[in-house]
Amino acid sequence: MMYAAEREERILDYLAAHGVTPTAALQEVTGASIATVRRDLNALCSRGLVLKTHGAARLKRDQPAAGCPEDTREEDPCYDEKNRIAQAAARLVDDGDVIFIGAGKTCTLLARRIRGKKGLTVVTSNVDAVVELSKSQGLSMILLGGDVHVGSNYIETLDEYTVESLRRLYFDKVFLTVNGIDLKYGYSINSRLQLPLYNHLLGNSRNFYLLADRHKFGKRAFAFFCAIDRIGNVVTNPETDGSYLAFYRGSGINVYTG
């Protein structure tokens, strides 16, 4: 039995890979009843992620082709917030750093913003970030191996052996995103496959930065990642719910806004 967040992620992944898809096919993909799939589609539609047609559904926006991740504001309703976070995070990257960049639109935008840095070593599971950084010179780049996962706004390489390839690596800075942030439940993500990687990186970096636009707060995703006071650096929007900003600052957590 899947939780709603996991069903939605499965639906978005399938639509990204197959385009217009009959509702019956999404029922097979999720193993849910047709009524449950329709409720999931209604929820995704209300968030602007999916368009429903007669007996079928598709992503609201066409996904960029691999190698062409130059997004426009119209393709993502949260683009401006994510772009400002990426700009703020880029200022935290110094020439010569060894960094890890995770999956997700905000992390891809970060990769775009650090093209001019010198002497970087970048390790990532984010295929779009590799495309962005391929336009740079003077950096070393490693794309982790693994199965290819296509999400609603990312392409990631990840499998059960990914952490093994990182055992002897230590990072100056790690930049990751999550799907939900809640004062009680902490940080959570939709994909359980990311948990071993995220936990490894949390314990093997000098500075761990969470990139989270204001829409991630007050939400709870499928899989618990860590407590909200476990991460010492958060990059978010100044418009983020003030109760969270007050908690961070009261807990000695560094808050960077953009």
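Residues numbered from 1 in each chain as written. Predicted model: local features only at pLDDT ≥ 70, side-chain atom pairs only at ≥ 80, totals over all residues. Heavy atoms only, no water.

## Re the overall build of the chain
Here is step 1 of the chain: Along the chain, the regular secondary structure elements total eight helices and 15 strands.
Here is step 2 of the chain: Its C-alpha radius of gyration of 18 Å places the chain within 12% of the 18 Å reference for a compact globule of 258 residues.
Here is step 3 of the chain: For the chain, the C-alpha atoms occupy an extent of roughly 55 × 40 × 35 Å along the three principal directions.
Here is step 4 of the chain: Summed over its atoms, the accessible surface of the chain is roughly 11,800 Å², and 49% of this surface lies on carbon and sulfur atoms.
Here is step 5 of the chain: Positive and negative side-chain charges of the chain, numbering 32 and 30 respectively, have mean locations separated by a distance of 3 Å. (Helix = DSSP H or I, 4+ residues; strand = E, 2+ residues; numbered from the N terminus. Rg over C-alpha atoms; globule rule 2.2 N^0.38 Å. Areas by Shrake-Rupley, 256 points an atom, 1.4 Å probe, with all protein chains shown as cover. Lys, Arg positive; Asp, Glu negative; His and termini not counted. Charge placed at Lys NZ, Arg CZ, Asp CG, Glu CD.)

## Observations concerning helix 7 (residues 195-203)
Here is step 1 of the chain: Looking only at helix 7, the buried set comprises Leu195, Leu197, Tyr198, His200, Leu201 and Leu202.
Here is step 2 of the chain: Lining the buried residues of helix 7 we find strand 4 (98-101), strand 9 (171-176), strand 11 (186-189), strand 12 (205-211) and strand 13 (223-226). (Buried < 20%, exposed > 50% of the residue type's maximum accessible area, 1.4 Å probe, protein only. Contact = heavy atoms within 4.5 Å.)

## Examining the packing of helix 1 (residues 4-18) against helix 3 (residues 34-46)
Here is step 1 of the chain: Two numbers describe how helix 1 lies on helix 3: the axes approach to 10 Å, and their chain directions differ by 75°. As summarised for this structure, helix 1 and helix 3 are arranged roughly perpendicular, according to the angle between their axes. Taken together, the residues of helix 3 that come into contact with helix 1 (itself represented by Arg7, Glu8, Ile11 and Leu12) are Thr36, Asp40, Leu41, Ala43 and Leu44.
Here is step 2 of the chain: Of the residues in the contact of helix 1 with helix 3, the class split is five nonpolar, one polar and three charged. (Axes fitted to C-alpha atoms, helices over the stretch in contact; angles between N-to-C directions. Parallel < 35°, antiparallel > 145°, perpendicular 65-115°, else oblique. Nonpolar A, V, L, I, M, F, W, Y, C, P; charged D, E, K, R; others polar.)

## A word on the confidence of the model for the chain
Fine structural detail should not be taken from predicted coordinates in areas where pLDDT scores are low.
Here is step 1 of the chain: The share of residues in the chain with pLDDT of 70 or more is 93%, and the mean pLDDT across the chain is 88.
Here is step 2 of the chain: Below a pLDDT of 50 lies the segment residues 62-74, which in the model reaches 23 contacts outside its immediate sequence neighbourhood of four places, other chains included. (pLDDT = per-residue confidence, 0-100.)

## Observations regarding the layout of surface pockets
Here is step 1 of the chain: One number sums up the size of the second largest pocket: a volume of about 320 Å³.
Here is step 2 of the chain: Listed by contribution, the elements that provide at least two residues to the lining of the second largest pocket are helix 1 and strand 7 (148-150).
Here is step 3 of the chain: The element best represented in the lining of the second largest pocket is helix 1, accounting for five residues.
Here is step 4 of the chain: Partitioned by chemical class, the residues of the lining of the second largest pocket number four nonpolar, three polar and six charged. (1 Å grid on protein atoms, 1.4 Å probe; cavity = no way out; pocket = protein on both sides within 12 Å on 5 of 7 lines; lining within 4 Å. Points joined across faces, edges and corners; volume = space filled by probe spheres on them.)

## A short note on the sheet that holds strand 1 (residues 21-22)
Through backbone hydrogen bonds, the strands of a sheet pair up, either in parallel or in antiparallel fashion.
Here is step 1 of the chain: Sheet architecture is open: three strands sit in the order 1-3-2, paired in antiparallel fashion. The open sheet has two edge strands with one neighbour each: strand 1 and strand 2 (50-53).
Here is step 2 of the chain: With two bridges joining them, strand 1 and strand 3 (residues 56-59) adopt antiparallel strand pairing. The partner of proline 22 across the bridge, within strand 3, is alanine 56.
Here is step 3 of the chain: Each of strand 1, strand 2 and strand 3 is contacted by helix 1, which is oriented at about 80° to strand 3, the strand it contacts most.
Here is step 4 of the chain: Relative to strand 2, helix 3 is tilted by about 130°, and along the sheet it contacts strand 2 and strand 3. (Pairing = 2+ DSSP bridges.)

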